[in-house]
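Structure assessment
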Amino acid sequence: MTMAACGSVAAETLGFEASQAIPTAKGTLPKGLFAAKPTAPLSAKTKQHLVHSIVSVTMLALLRPANTGLEASARMPEILVLGLRLADGVQETTDDVIELIASQRASGILFAVVRTAEHEGTTREECQFAVRRAIPGRAGHTPTFRVFHSAWEPAGEMFLDVNGATMDELWASLCSQTILGSTDFADLDARITRAERIRALEAAVAKLTADHKRAKNPAQRNEVYAKLHKAKNELAALQ
């Protein structure tokens, strides 16, 4: 069987087994399929991105209890791995297209986004993982979703591990690999919140340090220093 591919990225290059791969003959999905049944009105901007920023949408792998050996989960019966090929000149993942596609499927989708990027005087194929995940909120409220990404890396260096005992744990692990670079699926929402707070504090410390150096008024310097000291202490407690 020839595996479906998005550029040079296929189920095999990502580390999945042949039994989990989609054959080439069944891999291509028409872009119009997603515009035909959106869960919300399709904006002109998203339609433009779908038509002009995305070259192709390809099913690369489908993970199920039968081909992973994991316990079935009612909330996550299967996980689809989709390849999105960006058009030449498009360098960033179009999150609205990720949102459009992922919102139409109850089960999880992991996106392998592929682009051509300049590197050391030439070009190379790069890949980025993306997932759409609900942001933790109060029970009973409509969930809010957000698209998360991994860093861009050479396409041949992007791998995923099938980790966990259940399909729910596998989805959490794939999200963790994308967002945090770790296969650990435990307490994922709390770990995401912590990582994002650390990034915010690091940015605040950098800004406040620069503000403190520029401040000429003693009262202003003291005010900035107090904020800087507080941010550094919180950062140290989280790291």
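Everything below is about the structure shown above.
Here's a quick rundown of the structure. Please read these numbers as outputs of a predicted model, since none were measured by experiment. (Residues numbered from 1 in each chain as written. Predicted model: local features only at pLDDT ≥ 70, side-chain atom pairs only at ≥ 80, totals over all residues. Heavy atoms only, no water.)

1. What about the nonpolar core?
Ranked by internal contacts, the top residues of the largest apolar core, which has 34 residues, are Val9, Leu14, Phe16, Ile79 and Phe129. Listing elements by their share of this core, those giving two or more residues are strand S2 (9-10), helix H1 (11-14), strand S4 (54-63), strand S5 (79-86), strand S6 (108-119), strand S7 (122-135), helix H7 (167-179) and helix H8 (188-214). The element best represented in this core is H7, accounting for seven residues. If we ignore the near neighbours within four places in the chain, the residues touching Phe129 are Leu14, Leu110, Phe111, Ala112, Phe148, His149, Ser150, Met158, Phe159, Leu160 and Thr178. In terms of nonpolar packing, the next biggest core, distinct from the first, is built from 25 residues, Ile22, Phe34, Met59 and Leu62 among them. (Core = buried A, V, L, I, M, F, W, Y, C linked by side-chain atoms within 4.5 Å. Buried < 20%, exposed > 50% of the residue type's maximum accessible area, 1.4 Å probe, protein only. Helix = DSSP H or I, 4+ residues; strand = E, 2+ residues; numbered from the N terminus. Contact = heavy atoms within 4.5 Å.)

2. Description of the environment of His229
Inspection of the secondary structure puts His229 in helix H9 (residues 218-238). What makes His229 partly exposed here is its relative accessible area of 41%. Measuring from C-alpha to C-alpha, the distance between His229 and Pro154 comes to 39 Å, with 75 residues separating the pair along the chain.

3. What to know about unusual backbone geometry
Positive phi outside glycine occurs at Glu120, with the angle close to 50 degrees. Among the residues examined, Glu120 registers a relative accessible area of 74% and is labelled exposed. For Asp187, which is not a glycine, the phi torsion comes out positive at approximately 50 degrees. Here Asp187 shows up in the loop between H7 and H8. By relative accessible area, Asp187 is classed as exposed at 61%.

4. Thoughts on the pattern of salt bridges
With the rule as written, the count across this model stands at twelve salt bridges. Residues Glu92 and Arg115 are paired through a salt bridge, measuring 3.9 Å at the closest nitrogen-oxygen approach. Taken together, the positions of Glu92 in the loop between S5 and helix H6 (95-102) and Arg115 in strand S6 put the pair 23 residues apart, joining distant regions of the chain. Counted as one network, the salt bridges with shared partners bring together Glu92, Arg115, Arg124 and Glu126. (Salt bridge = Lys/Arg side-chain N within 4 Å of Asp/Glu carboxyl O.)

5. A word on the environment of Ser107
Take Ser107: it is sitting in the loop between H6 and S6. Residue class for Ser107 comes out buried when judged on its relative accessible area of 9%. The spatial distance from the C-alpha of Ser107 to the C-alpha of Asp187 is 20 Å, given a sequence separation of 80 residues. Excluding residues that lie within four positions of it along the chain, Ser107 makes contacts with Met76, Pro77 and Glu78. In terms of polar contacts, Ser107 uses its side chain to reach the backbone carbonyl oxygen of Glu78, at 3.4 Å. (Polar contact = N/O pair within 3.5 Å; in protein donor to acceptor, adjacent residues only side chain to side chain.)

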